[in-house]
Amino acid sequence: MSEQKLLRPAPRADVMAIEAYVPGKSGAAGVAKVHKLSSNETPLGPSPLAIAAFRSVADHLALYPDGSASRLREAIARRYGLDASLIVCGNGSDDILALLAHAYLSPGDEGLYTRHGFLEYPIAIRAAGATAVAAEETHFTADVDQLLRKATPRTKVVFLANPNNPTGTYLPFSEVKRLQAGLPGDVLLVLDAAYAEYVTRNDYAAGIELVATCENVVMTRTFSKIYGLANLRLGWAYGPAHVIDAVNRIRAPFNVNGAAIEAGIAALADGAHTEKAVAHNQRWLPWLAEEIAALGVKVTPSVGNFLLLHFPRAAGRAAKDADAYLTSRGFVLRAVAAYGLPDCLRLTVGTAQANEGVVAALAAFMRGEPGV
Ligand SMILES: Cc1ncc(COP(=O)(O)O)c(C=O)c1O
């Protein structure tokens, strides 16, 4: 009896070696007006149609949602020209990324990602009991040669965020195709296109064509960014039938809630709102990049809705000093040391007021003015 009292369940040792994901800060102590520019959320919010659809679900809270999210999958299929049977929805695309790792990785396997790739990848890889292997990047950009060099017979999954968070850089479609062609057919290539809607380069493709023509490519997407539904947790994957089948076998039976389903369908129907969000980003992303570079802060060219800013190491001038200064003025950016970028901050494109305000605050910081 006494011995039983001393016992307690122990998680796997490799689970306890994982550093939990820390989301961007959302507040600033003692500051009345806070601009949250730390999580790549859209400053326009969701479509009013999505808000109304969300509210309509309040009358049906006692009922389970449709476990296969059929109407939502059909709406996605219509919007993007896909086959609804090759889509699976998730509780955010995080859910899908973790499910893919669990379905395709075993202890002893390796999951590959890029040095400054999205943090969820090493977490999902390790949670599946496999080893996370980072391939070096070039100019903060995924490098196909480095990825192929790191691929071994143990590699079973490659995660590529395109564009990548937090760097904002992307690989042109020709490079993604070269990556796929260089990987053995039994390695799953996960193309995470969370920011695809923001990209306006004509050499970019999210991955739909590659999924349609290859047996080992799956694309993931989210409603958290351009559609403004991060709070509802809604993502999806498009892949070959055998990949979608594997995910469907292990996902939670009701992994997408009814409010997310209805809001997602309505958001897809409001093309004008999405266009407005793209236009807002096209107006402000280059403006922010130019204004900030003119202050002497190095900016990595971005195709997403955020920018990576580089600071020197000098005391009082460093990223952590800028972070504290901007926070004291109500501008909350994302510290990205956990991504191997201790000298950087990530800034999300915000409202006009937030964008103009953060540039003014950064200018004051660069001039050495005291914080508030
Ligand atoms: C590259 C990338 N993939 C996936 C996600 C996760 O998005 P979701 O909210 O759909 O889980 C994010 C969110 O920041 C992201 O930046």
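As a starting point, this report considers the structure included with it. (Residues numbered from 1 in each chain as written. Predicted model: local features only at pLDDT ≥ 70, side-chain atom pairs only at ≥ 80, totals over all residues. Heavy atoms only, no water.)

Turning our attention to the sheet that holds strand S13 (residues 344-348). Taken in spatial order, the four strands make up an open sheet running S9-S10-S13-S12, and their pairing is antiparallel. Either end of the sheet is taken by a strand with one partner, and the two such strands are strand S9 (298-300) and strand S12 (334-335). With five bridges joining them, strand S10 (residues 306-310) and S13 adopt antiparallel strand pairing. The residue of S13 that forms the bridge with His310 is Cys344. The strands that helix H12 (residues 271-294) touches are S9, S10 and S13; relative to S10, the one it contacts most, it runs at about 10°. (Pairing = 2+ DSSP bridges. Helix = DSSP H or I, 4+ residues; strand = E, 2+ residues; numbered from the N terminus. Contact = heavy atoms within 4.5 Å. Axes fitted to C-alpha atoms, helices over the stretch in contact; angles between N-to-C directions.)

Below, the discussion takes up the packing of aromatic side chains. A complete count under the given rule lists eleven aromatic pairs for this structure. A ring pair is formed by Tyr80 and Trp236, whose centres lie 5.3 Å apart and whose planes are at 45°; its orientation type is tilted. With Tyr80 in helix H4 (residues 70-80) and Trp236 in strand S8 (residues 235-238), the pair connects residues that are 156 residues apart, well separated along the chain. When sorted by exposure, Tyr80 lands in the same class as Trp236, which is buried. Arranged with centres 5.0 Å apart and planes meeting at 10°, the rings of Tyr121 and Phe159 form a pair that is stacked. You can see Tyr121 sitting in helix H6 (residues 120-127) and its partner Phe159 sitting in strand S5 (residues 155-161), a full 38 residues away along the chain. In this pair, the class of Tyr121 matches that of Phe159, namely buried. (Phe/Tyr/Trp six-rings, centres within 6.5 Å; stacked < 30°, edge-to-face > 60°. Buried < 20%, exposed > 50% of the residue type's maximum accessible area, 1.4 Å probe, protein only.)

Two side chains carrying opposite charge are able to pair once their charged atoms lie near each other. Overall, the coordinates contain 13 salt bridges when judged by the stated rule. Between Asp14 and Arg12 there is a salt bridge, and its shortest N-O distance comes to 2.9 Å. On the accessibility criterion, Asp14 (28% relative accessible area) is partly exposed. The partly exposed category is assigned to Arg12, whose relative accessible area is 41%. Through salt bridges that share partners, Asp145, Glu175 and Arg178 make up one connected network. (Salt bridge = Lys/Arg side-chain N within 4 Å of Asp/Glu carboxyl O.)

We now examine the packing of helix H5 (residues 93-104) against helix H10 (residues 241-250). For any two helices packed against each other, one specifies the inter-axial angle together with the distance between the axes. Where H5 meets H10, the closest approach of the two axes is 9 Å, and the angle between their N-to-C directions is 100°. One element, H5, and the other, H10, form an angle in the roughly perpendicular class. Residue-level inspection shows Leu99, Leu100, His102, Ala103 and Tyr104 of H5 in contact with H10, the latter providing His242, Val243, Ala246, Val247 and Ile250. For the contact of H5 with H10, the residue count by class is eight nonpolar, two polar and no charged. (Parallel < 35°, antiparallel > 145°, perpendicular 65-115°, else oblique. Nonpolar A, V, L, I, M, F, W, Y, C, P; charged D, E, K, R; others polar.)

Among the structural elements, Val31 can be located in the loop between helix H2 (13-16) and strand S1 (35-36). Placed 341 residues apart in sequence, Val31 and Val372 show a C-alpha to C-alpha distance of 9.3 Å. In contact with Val31, other than residues within four places in its own chain, are Thr327, Ser328, Arg329 and Gly330.

Inspection of the region around the ligand gives 13 residues, with Ser93, Asp192, Thr222, Ser224 and Arg233 positioned closest. Note that an oxygen atom of the ligand is positioned 2.6 Å from one of the side-chain N or O atoms of Ser224. Burial of the ligand by the surrounding chains reaches 94%, relative to a free accessible area of 390 Å². By residue class, the composition of the shell around the ligand is four nonpolar, five polar and four charged. (Near = heavy atom within 4 Å. Polar contact = N/O pair within 3.5 Å; in protein donor to acceptor, adjacent residues only side chain to side chain. Areas by Shrake-Rupley, 256 points an atom, 1.4 Å probe, with all protein chains shown as cover.)

Looking now at the nonpolar core. Counting residues in each nonpolar core, the largest one holds 65 residues, and the members touching the most others are Leu72, Ile76, Phe223 and Trp236. The greatest single-element share of this core, amounting to eight residues, is contributed by helix H11 (residues 258-269). Leaving out residues up to four positions away in the same chain, Trp236 has contacts with Ile76, Tyr80, Leu82, Ile87, Val88, Cys89, Ile96, Met219, Thr220, Arg221 and Phe223. Among the nonpolar cores identified, the runner-up in size contains 32 residues, and Leu119, Ala124, Ala130 and Val157 belong to it. (Core = buried A, V, L, I, M, F, W, Y, C linked by side-chain atoms within 4.5 Å.)

Let's shift gears to the packing of helix H3 (residues 48-56) against H11. At a closest axis distance of 8 Å, the pairing of H3 and H11 adopts a crossing angle of 155°. By the angle between their directions, the pair H3 and H11 is classed as roughly antiparallel. Like other packed secondary-structure pairs, H3 and H11 cross with a definite hand, here right-handed. Note on element contacts: H11 touches H3 through Ala259, Glu262, Ala263, Ala266 and Ala267, opposite Leu49, Ala50, Ala53 and Phe54. (Left-handed = near helix turned anticlockwise from the far one by under 90°.)

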